[in-house]
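# Geometric and topological summary
Listed below, chain by chain, are the residues.
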Amino acid sequence: MKPAFVLLVSAAWSFTGAQHYYQGLMDYLDNRLLAIEAHSKQRRNIDLLWRRQWDRMQLWHEQSHRYHTELLDFKKLTDEAMVGLRNHHKVMFKDLEGAALLVDRVEQDMDYVETQTSPRACATQADKVVEQGAWRLEESRGEEEEEDDWVELRSEVSDCVEIISGIRSVKILKRVGGPKGMWTRDPKSSKVYVFNGTSGDNIYQFNSVQDFSRSPGVASSRQIRLPSDWRGPGSAVFGGHLYYIQQEDDADVQVVRYDLLSGSVTDVAMFPAESRAAVYGLNSETVADLAADDQGLWLLYAAGDGEPNIHLARMELASLDIEQTWDTRCPRENAEAAFVVCGTVYVVYNTRPASRSRIQCLFDVNDMVSSEEAPLIYFPRRYGAHASLKYNPEEEQLYAWDDGYQIIYRLTMKRKLLV
Ligand SMILES: *[C@@H]1O[C@H](CO)[C@@H](O)[C@H](O)[C@H]1NC(C)=O
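Residues numbered from 1 in each chain as written. Predicted model: local features only at pLDDT ≥ 70, side-chain atom pairs only at ≥ 80, totals over all residues. Heavy atoms only, no water.

To keep things clear, this is the line we draw: UniProt positions are given in the numbering used here, feature names are shortened, and annotations may be inferred rather than shown by experiment.
The name given to the protein chain in an unreviewed UniProt entry is Olfactomedin-like 3a, and the organism recorded there is Gasterosteus aculeatus aculeatus. Quoted verbatim from the Subcellular location (unreviewed entry) heading of the UniProt record, the comment on the protein chain is "Secreted".

## Observations concerning the overall build of the protein chain
Let me state the cut-off plainly: Here a strand is any run of E in DSSP of at least two residues, a helix any run of H or I of at least four, and the numbering for each starts at the N terminus. The rule is simple: take the accessible area with a 1.4 Å probe, protein chains only, and divide by the maximum for that residue type; under 20% is buried, over 50% is exposed, in between is partly exposed. The criterion used for residue contact is that any of the two residues' heavy atoms lie within 4.5 Å. Note that accessible areas follow from Shrake-Rupley with a 1.4 Å probe, and for residues the cover is restricted to the protein chains shown.
Along the protein chain, the regular secondary structure elements total five helices and 20 strands. Burial status across the protein chain gives 43% buried among its 419 residues. Of the contacts made within the protein chain by residues no fewer than 6 positions apart, 54% connect residues no fewer than 24 positions apart. For the protein chain, the computed accessible surface area is about 22,900 Å², with 53% contributed by carbon and sulfur atoms.

## Digging into the nonpolar core
Burial of nonpolar side chains together is a common tendency in soluble globular proteins. The cut-off we apply is this: Put simply, buried Ala, Val, Leu, Ile, Met, Phe, Trp, Tyr and Cys residues joined by side-chain atoms within 4.5 Å make one nonpolar core.
Formed by 24 residues in total, the largest nonpolar core has its most connected members in Ile164, Phe339, Val341, Tyr346 and Leu389. Going through the elements one at a time, strand 1 (162–175), strand 14 (335–341), strand 15 (344–349), strand 16 (358–364), strand 18 (386–392), strand 19 (397–402) and strand 20 (405–415) are the ones with two or more residues in this core. Sorting elements by how many residues they give to this core places strand 20 first, with five residues. Sequence-distant contacts of Ile164, that is, excluding residues within four places in its chain, are made with Phe339, Val341, Tyr346, Ile377, Leu411, Thr412 and Met413. Phe238, Ala269, Leu299 and Leu320 belong to the second largest nonpolar core, which has 20 residues in total.

## Remarks on the environment of Ser228
By the element assignment, Ser228 lies in strand 5 (residues 222–231). For Ser228, a relative accessible area of 12% puts it in the buried group. Leaving out residues up to four positions away in the same chain, Ser228 has contacts with Gly200, Asp201, Tyr244, Gln246 and Glu248.

## What about the state of the cysteines?
What counts, and what does not: Pairs of cysteine sulfur atoms within 2.5 Å are what we label disulfides.
Summed over all chains, the structure comprises one disulfide. Between Cys330 and Cys361 runs a disulfide, and the two sulfur atoms are separated by 2.1 Å. A torsion of -85° about the S-S bond marks the disulfide between Cys330 and Cys361 as left-handed. On the criterion of sequence distance, the pair formed by Cys330 in strand 13 (residues 322–331) and Cys361 in strand 16 is long-range, its members being 31 residues apart. Of the two residues examined, Cys330 and Cys361, each falls in the buried class.

## Details of the site of the ligand
Filter applied, for reference: The criterion for a residue being near a molecule or strand is simple. One of its heavy atoms has to lie within 4 Å of it. Under this definition, polar contacts are N or O atom pairs within 3.5 Å; protein pairs additionally need one hydrogen-donor-capable and one acceptor-capable atom, and for neighbouring residues in sequence, both atoms have to be side-chain atoms.
Around the ligand sit Gly177, Gly178, Asn196, Tyr204 and Val218, and that is every residue in its neighbourhood. One of the side-chain nitrogen or oxygen atoms of Asn196 is found 2.3 Å away from an oxygen atom of the ligand. One of the side-chain nitrogen or oxygen atoms of Tyr204 is found 3.1 Å away from an oxygen atom of the ligand. Isolated, the ligand exposes 370 Å² of accessible area, and the fraction of that covered by the protein chains is 44%.

## A short note on the pairing of strand 11 (residues 296–302)
Which entries qualify depends on this criterion: At least two bridges found by DSSP between two strands are what make those strands a pair.
The buried count for strand 11 comes to seven of seven residues, which makes it a mostly enclosed element. With five bridges joining them, strand 10 (residues 289–293) and strand 11 adopt antiparallel strand pairing. In the strand pairing of strand 11, Asp293 is matched with Gly296. The loop that links strand 10 with its antiparallel partner strand 11 comprises two residues. Taken together, the six bridges between strand 11 and strand 12 (residues 309–315) define a ladder with antiparallel strand orientation. Following the sheet pairing, Trp298 is matched in strand 12 by Arg314.

## With respect to the sheet that holds strand 1
Threshold: Lines fitted to C-alpha atoms define the axes, with helix axes restricted to the stretch in contact, and inter-axis angles between N-to-C directions lie between 0 and 180 degrees.
Spatial strand order, 1-20-19-18: four strands in an open sheet with antiparallel pairing. A strand with exactly one partner marks an edge of an open sheet, and here the two such strands are strand 1 and strand 18. Geometrically, the sheet is characterised by an average inter-axis angle of 20° between neighbouring strands, direction not taken into account. Pairing geometry for strand 1 and strand 20, over eleven bridges, is antiparallel. The residue of strand 20 that forms the bridge with Glu162 is Arg415.

## Some thoughts on the environment of Asp211
Tracing the backbone shows Asp211 in helix 5 (residues 209–214). For the pair Asp211 and Ser221, spaced ten residues apart in the sequence, the C-alpha separation amounts to 8.6 Å.

## A closer look at the packing of aromatic side chains
Let me state the cut-off plainly: Put simply, two rings from Phe, Tyr or Trp (the six-membered ring, in Trp's case) pair if the centres are within 6.5 Å, and we call them stacked under 30 degrees between planes, edge-to-face over 60, tilted for the rest.
Taken as a whole and judged by the stated rule, the model has nine aromatic pairs. Taking 5.4 Å as the distance between ring centres and 80° as the angle between the ring planes, the aromatic pair formed by Phe195 and Trp230 counts as edge-to-face. Here Phe195, found in strand 3 (residues 192–196), pairs with Trp230, found in strand 5; they are 35 residues apart in sequence, far enough to count as distant. Judged by its relative accessible area of 0%, Trp230 falls in the buried class. Relative to Tyr409, the ring of Phe379 has its centre 4.9 Å away and its plane inclined at 70°; by these criteria the two rings are edge-to-face. Remark: Tyr409 occurs in strand 20 and Phe379 occurs in the loop between strand 17 (377–378) and strand 18; sequence separation between them is 30 residues.

## Description of the sheet that holds strand 8 (residues 254–259)
Judged by pairing direction, the sheet is antiparallel, and its four strands sit side by side in the order 6-7-8-9 without closing on themselves. Of all strands in the sheet, those bounded by a partner on one side alone are strand 6 (236–238) and strand 9 (264–270). Each strand of the sheet is rotated relative to its neighbour by a mean of 20°, with strand direction disregarded. Across six bridges, strand 7 (residues 241–246) lies against strand 8 in antiparallel orientation. Within strand 8, the residue paired with Ile245 across the bridge is Val255.

## Let's talk about the pattern of salt bridges
Stated precisely, the cut-off is as follows: Only one rule defines a salt bridge in this text: a Lys or Arg side-chain nitrogen within 4 Å of an Asp or Glu carboxyl oxygen.
Applying the stated criterion to the full structure yields eight salt bridges. The closest approach of N and O atoms between Lys180 and Glu285, which form a salt bridge, is 2.9 Å. Taken together, the residues span a long stretch of sequence, with Lys180 in the loop between strand 1 and strand 2 (181–185) and Glu285 in the loop between strand 9 and strand 10 at a distance of 105 residues. Lys180 gets classed as partly exposed once you look at its relative accessible area, which sits at 25%. The partner of Asp294 in a salt bridge is Lys188, with the nearest N and O atoms 3.4 Å apart. Note that Asp294 is positioned in the loop between strand 10 and strand 11 and Lys188 in the loop between strand 2 and strand 3, a separation of 106 residues in sequence. Judged by its relative accessible area of 59%, Asp294 falls in the exposed class. Among the ionic contacts, a cluster of salt bridges with common partners joins Lys188, Asp294 and Glu394.

Next comes the structure, spelled out in structure tokens:
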């Protein structure tokens, strides 16, 4: 910064210097003309008058020539000053750019340190976990005597005790299909299902992740044609059943349960809201998002166009009956995807244009984990943005679709309850 400042000062100095010189030149010129004028008055002779005129013209010529040269010099000087200023500007711009980069790097480092150390969350969470664990054990002992009271608690507190503590590893399997889509693995059958694009009536089935990985494109898959279109990359497959969102042009949104073995629709349920708004702000094609596990079918949706938060409904796997709904208090804005682990919704946020995806809000239906306590978890920097994230409870990993790449994130978990 210091040399640049000196340069600026010297440029300014030479600028004002030139201006002074120019002014001086003008004064001199004036004085000279006055002198010549005075001198000429003394000459009465016509010849002399003529000569005087001649001299004057000569002088004018000379002076204007000099004046012109001076002007050129002055222009050169100002040009030089301008170049100097411009270079100085460039240097300053470079400095600013460098500073911006540095800030970005520091920010990344901070992110990294944050994910590595997962601040505050661990300690306070562990404390809370111990408390909850003790409480739960106590309640369990009272099970036989107070059957009625216990039933209510049991439906609230599940046996599932895991929360995510970080992302252990990433595996980029391959690139099949368009920028948006989803893929998932049935935790019960190990079969893999690929949903290319944002809607359609066909899906691709592979016998295993390995089969999918080895397959050239979708050539070796079994293609399944559905009786209606799935809408958005928000389907779920669990125990040989496909659950998908159906939205015919003028009809309401529905959840369809499709038996993959028999190839027939076994149930259709109305959506819990009239809303047509997409659930995630950054993925407008995801009308709603389904997740299935042993606890049931989870539906993440927007309760209305003006409703800013992601809502959650738990449905029965077999009947699609809605058991309960919640407002997760996690905003839809800038949300990219979400998934459910052990009754806890993890919402992944990003920016537009895409930067680093991060789990920044969570909601536990059992009220044991809160966003404030949970660590901020960053995904590794990727190609673009996640079109979908599907959690597999058996493997504790996420099946992600990112700009046509099929990626697996292996998660590290810790226990909610210290049993
Ligand atoms: C996947 O969808 C994209 C459009 O999103 C399309 O261009 C491509 O052909 C599809 N690929 C397969 C294998 O269906």
